[in-house]
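Close look at the chain arrangement
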Amino acid sequence: MKCLSCRAAALLWTILFCSATNVALAENAWTSAGGETVLYVYPELLAERGLTLRVNGEPLSGDSLQKIAFQIDSRSTLAFTEAGGRFSAFVGGDVVHVEDLVIETSSGREATIEGFAFNITAGSSSANFRPTFSDKLSGDSLLEMSAAKAGFHLEKVSLQLEGADIRITPKLADLLGDASLAGSSIGDVRISMPVAWAGGDGPVAYEELIKYGDAAGAVEGDPRGGNGGTVCPQPVGPDVITGIISDIGNYGNAEVPTGSGQWYVGFSVGTTSCNIGDFMVLWDDDQPPPTNLHPVIAQNFYRLRTMPNGVTRFEQIGQSWLKHGFTVAAGDSCGCGCTGPGGPQLHPGCSDPYGAGLNGSQSGLGPRWQVNARTGEYPHPYQDGTHVPGDSNTWKRVMVRASDLGTANSLYYAEAQYVAPDDHQAGNASNNASYTRINVTPNGANNYNASNSGFQTVRERPAIRAWKAQVSSVVETDILWSPAAGEPYQNAREFMILAANVTALPGGKWNYEYALYNMHSHRGAWSFAIPVGNSAVLEDVGFTNVMYHSGDGEGGVTRSNTAWNWSHQNGLLTWSTQPYNQNPNSNALMWGAMYNFRFTCNIAPDSEQGESVVGLFRPGTPTSLTALTVVPKPSAVYIEPTANAPTIVVNACTETSFDVDILNGSDFYEPGSAKVHYSINNGEFNESSMAPVSGTLHRATLPAVECGSTIRYYLSARGQGGETVNLPETAPAATFAPQVGVEEVVAIVDENFNAGLPGDWSATGLWNITSQCSIAPGCNVSGTYAYFGQPSTCNYDTGAQAIGSLSRSVSIPNTRLATLRYCSNFEREAFAQSDWPRVRVNGTTVDTPAAGGLDSSPWVQRTVDLTAFAGQTVTLEWFFDSTDQWDNQFRGWQIDNVRLDVIQVSCLAASPAIHGDLDGNGQVDGRDLEEFVAAVIATSSMPQHVCTADFDSSGTVDLDDVPGMVNEVLNRP
């Protein structure tokens, strides 16, 4: 037996003696017999912290992953025990390396770790230990692993060890002269260590131990099944699941890119896998190849939010890259009865742990885009990511916007999913994801911690199922389909889940929420459509996607995060991004991700489900799929006015015609039933038939109406089954009500400040009216203007924070367009969000002249659409805040020529008609009486008659207009 240190030998024999009474366990002891440790380092990340590593005098550099091998010294004393080929516990001891490691700071301070040795405490398990690295001469602990895992590889008689986040201890930080370096990570390690038998019952042959992994069946008497609802074994072949979500790793925040004001928080999700099938799952990440026969682990965060109006919204808010499996540390965490040893496979019934520290190890994370989610196949080695300066905490990890965390009335969830080639190709991939509730708590500015303490893992169910678990009205639809004939691995299917919920809102409206989750479809999705009908009045149409990051996209370019566009045509509401043939890296819904679609409309949900349409992204057959889900109730027929329908204004004294499409819905249209119904000056509704034009197109005509009158109208059509459909749906309670007259642009604010500050304006802080500190003229600015700054110094440097508003109140009428224009020039400190000029309406920012980081601008005209504030009394505000008292020696902000235009309907611009002048000669005389009588007899609705002789505003000239005509004749000179 190899000679051990006295301490290690004593512990080793104590463990062996205590277990000698149970010969069936085949307890054995093993000790180090050489090998190497590989240090995984990103020099660029170290450089951000002002650190450089040197190995044997050679500095590490570059922006890619560096793998540095350290030879394990023969004097190493690390020892452990195993039983039945499964790791039991460390006996303790050191792993000493031949090479030295030198850590140097940018200030020139350095520390040398001679021998680069680490120690593992006796009694440590294979998945719950944290080695410390020490200098072999002083014995000081200078580095420590945040997480580590070990597995005994019986076939190769070696110990496989993986350690994540090797961090600087306070002792080393002190030696380097910078206490803030304590806790900084320098990299990760992997160890492949040949071991020698050191005593016990004698090694069991590897072939003997794995026989239960190659056959369908468990060891007799093993306590399979019954733990946490897990049913095992399943006679399906290899079947890996996420058995336990063990912990959540918290890594702090990052501003990406630096100075953008966009803050993100980094997390990881600890997992324990279980093989509930009856055949082993391959787990080989050792050298030499093949190295792509192991699972990868995806990690995701979700939020279930209850909105103030009662709507519940389930969104994915973060996703990670993929942890690549390393070696199995076999256990029995799912209570299935582990049937084999650890090493390069997960045997039936066995479990394997990865703590959050290992799953957050950046050197062990590969991109999702290289994985075929249907077959589980991927290339190895995988591509590395694109590191953006400053994002070391979030890079490749579960990356969540800080603004998505800590929101009111929200529940949060973590999810983990295993993808394994043999599992997927056997058709067992649809149960590989599990989820758990988590608590999210603030931890300083723009930072949060997460924990799953106290929450159980919901096994074999992806997190999208949590929505229905909390909200019973949610409707779920599984979308599972097989590959096209001729494709490999016909058992490997593609799987998405569609969840939907409808919430009734005040005013006869309904909110529709959809979440589409791609669990393991390689094809992905680029479009999603819901049948809403043509008469649906849509509001708040929305879309949300989880963010791709760190270069996760084809070719290592981050997939686009551009929101999907939407359109409402032919009765379908469709969201879409660029198809594959236009952009392989468009914002498609790829595997392990969930997108949200929403809208509010005036149509209640149908009692029966309708067909949504999912357009598949990658080329193949089929090109789209249908899925039943909750949809608005379809109409018997659909009434769809074309773009020229008068909903805002109609010209006075002129018949108005427009085209309308009448389409079949749940019934066939009854020809001749299409009508337009109109009411003038709130009178009774009259109706007229729409004239067929061609195909489904019809023409509706509204009568001529005198300027200043009111007209309301709605449309109707009937199905052959007798059901009449109105547009708007609730007509005649709701109608179209265009104004009658001529549109004109009216300025309701028009100010150039040449007479000083008007009385209806107010100014605070440094705002004043001046002609000082002028720059090159532009934008028709002359005379004085409003200025945020000090005319005496031409800057806003007061030695304190400079903040102030220039504002006025204004009532914006109901209008179809309100436009704010103003002239602006500025000079400011271009740093993050400080010293930013902005325009606000009722406190809401509507314009940021310095967007994009501009530090100055000449005189330019800014244009802002304020139509959303129509019908409101608002406060217009030009707001400037330096945020701090430093670097304020800049000119500041000047504005002039402020104008707020609205479109109003007026009769002033229309040619006034003379009442009674039917022949248009400018006077009322006998010829007009003759024409009036003819118009009455014909009940005329001709525009020239209506606008001069329709005295009762009925839309026609008839007997009721006789008194008015008599008065006009008698009152004329």
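Look up: the structure comes first, before these words.
For the structure given in this document, a descriptive report is provided here. (Residues numbered from 1 in each chain as written. Predicted model: local features only at pLDDT ≥ 70, side-chain atom pairs only at ≥ 80, totals over all residues. Heavy atoms only, no water.)

What follows is about empty space enclosed by the protein. In the structure shown here, the tally under the stated rule is four cavities of 30 Å³ or more. By volume, the largest cavity is sized at about 100 Å³. Lining of the largest cavity is provided by Gln319, Arg368, Trp369, Val371, His522, Tyr548, Asp552, Arg559, Met590, Trp591 and Arg618. Tallied by class, residues from the lining of the largest cavity come to five nonpolar, two polar and four charged. Taken as a whole, the second largest cavity holds about 60 Å³ of empty space. Along its surface, the second largest cavity is lined by Tyr40, Glu162, Gly163, Ala164, Asp188, Val189, Arg190, Lys323, Leu358, Ser361, Ser363 and Gly364. When contributions to the lining of the second largest cavity are tallied by element, the ones reaching two or more residues are strand E13 (158-168) and strand E14 (185-200). Here the lining of the second largest cavity is composed, by residue class, of four nonpolar, four polar and four charged. (1 Å grid on protein atoms, 1.4 Å probe; cavity = no way out; pocket = protein on both sides within 12 Å on 5 of 7 lines; lining within 4 Å. Points joined across faces, edges and corners; volume = space filled by probe spheres on them. Nonpolar A, V, L, I, M, F, W, Y, C, P; charged D, E, K, R; others polar. Helix = DSSP H or I, 4+ residues; strand = E, 2+ residues; numbered from the N terminus.)

Next up on the list: the sheet that holds strand E38 (residues 637-641). Spatial ordering of the open sheet is given by E38-E40-E44-E43, a layout of four strands whose pairing is antiparallel. Of all strands in the sheet, those bounded by a partner on one side alone are E38 and strand E43 (691-694). Along the sheet, successive strands turn relative to each other by an average axial angle of 35 degrees, direction set aside. In this structure, strand E40 (residues 656-664) lies alongside strand E44 (residues 697-702), joined through six bridges in antiparallel fashion. (Pairing = 2+ DSSP bridges. Axes fitted to C-alpha atoms, helices over the stretch in contact; angles between N-to-C directions.)

The biggest cluster of nonpolar side chains holds 45 residues, and the ones touching the most others in it are Leu39, Leu53, Phe90, Leu101, Leu143, Leu159 and Ile168. If you tally residues by element for this core, the top one is strand E12 (residues 141-153), at six residues. Leave out the neighbours within four places in its chain, and Ile168 touches Leu51, Leu142, Leu143, Ala173, Leu176, Leu181, Ala182, Gly183, Ser184 and Ile186. Grouped together as the second largest cluster of nonpolar side chains are 38 residues, Leu516, Leu538, Leu589 and Val630 included. (Core = buried A, V, L, I, M, F, W, Y, C linked by side-chain atoms within 4.5 Å. Buried < 20%, exposed > 50% of the residue type's maximum accessible area, 1.4 Å probe, protein only. Contact = heavy atoms within 4.5 Å.)

Turning to its location among the elements, Leu293 is positioned in the loop between strand E17 (281-282) and strand E18 (296-306). Residue Leu293 is classed as partly exposed on the basis of its relative accessible area of 30%. As for Leu293 and Gly376, which are separated by 83 residues in sequence, their C-alpha atoms are 9.5 Å apart.

As a further point, take the environment of Thr544. With respect to the helices and strands, Thr544 occurs in strand E32 (residues 539-545). When the C-alpha atoms of Thr544 and Glu315 are compared, they prove to be 7.5 Å apart, with 229 residues separating the residues in sequence. In contact with Thr544, other than residues within four places in its own chain, are Glu315, Tyr595, Asn596 and Arg598. Side-chain polar atoms of Thr544 contact the side chain of Glu315, separated by 3.1 Å. For Thr544, the side chain forms a polar contact with the side chain of Arg598, separated by 3.1 Å. (Polar contact = N/O pair within 3.5 Å; in protein donor to acceptor, adjacent residues only side chain to side chain.)

This next bit is on the state of the cysteines. Two cysteines, two sulfur atoms, one covalent bond between them: this is a disulfide. Tallied over the full model, the rule gives five disulfides. Cys773 shares a disulfide with Cys794; S-S distance 2.1 Å. Residues Cys773 and Cys794 share a disulfide whose torsion about the S-S bond is about -90 degrees; that sign makes it left-handed. Of the two residues, Cys773 sits in the loop between strand E50 (767-770) and strand E51 (785-788) while Cys794 sits in the loop between E51 and strand E52 (803-811), which places them 21 residues apart along the sequence. We classify Cys794 as partly exposed; its relative accessible area is 32%. (Disulfide = S-S within 2.5 Å.)

Let us look at the pattern of salt bridges. Taken as a whole and assessed by the stated rule, the structure comprises 31 salt bridges. A salt bridge links Lys323 to Glu162; the nearest nitrogen and oxygen atoms lie 2.2 Å apart. Of this pair, Lys323 sits in strand E20 (residues 322-324) while Glu162 sits in strand E13; the two residues are 161 residues apart in sequence, bridging distant segments of the chain. For Glu162, a relative accessible area of 3% gives the class buried. Salt bridges sharing partners connect three or more residues here, namely Arg303, Arg313, Glu315, Arg401, Asp404, Glu513 and Arg598. (Salt bridge = Lys/Arg side-chain N within 4 Å of Asp/Glu carboxyl O.)

Further remarks concern the packing of aromatic side chains. All chains considered together, the criterion is met by 40 aromatic pairs. The interplanar angle of 80 degrees and the centroid separation of 5.6 Å between the aromatic rings of Trp564 and Tyr595 together place this pair among those described as edge-to-face. Here the residue Trp564 occupies a position in the loop between E32 and strand E33 (565-569), and Tyr595 occupies one in strand E35 (residues 593-601), the gap between them amounting to 31 residues. Each member of the pair Trp564 and Tyr595 is classed as buried. Ring geometry for Phe753 against Trp761: centres 5.2 Å apart, planes inclined by 75 degrees, an arrangement best described as edge-to-face. The pair Phe753 / Trp761 is uniform in exposure class, with both members buried. A network of ring pairs unites the aromatic residues Tyr512, Tyr514, Phe528, Phe543, Trp564, Trp575, Tyr595, Phe597 and Phe599 as a single cluster. In this arrangement the basic side chain of Arg368 is found over the ring face of Trp591, its NZ or CZ atom lying 5.5 Å from the centre. For the cation-ring pair, Lys396 lies above Trp395, with the distance from its terminal atom to the ring centre recorded as 4.8 Å. (Phe/Tyr/Trp six-rings, centres within 6.5 Å; stacked < 30°, edge-to-face > 60°. Lys NZ or Arg CZ within 6 Å of the ring centre and 35° of its normal.)

Right, let's get into helix H11 (residues 962-971). Burial in H11 covers these residues: Gly964, Met965 and Glu968. The arc that holds the buried residues of H11, viewed along the axis, is 100 degrees, so those residues lie on one side. Contacts from the buried residues of H11 go to helix H9 (926-938). (Arc of directions from axis to C-beta.)

Here the focus is the side chain of Thr230. Turning to its location among the elements, Thr230 is positioned in the loop between helix H5 (211-214) and strand E15 (240-255). A distance of 2.3 Å separates the side chain of Thr230 from the side chain of Arg459, its partner in a polar contact.

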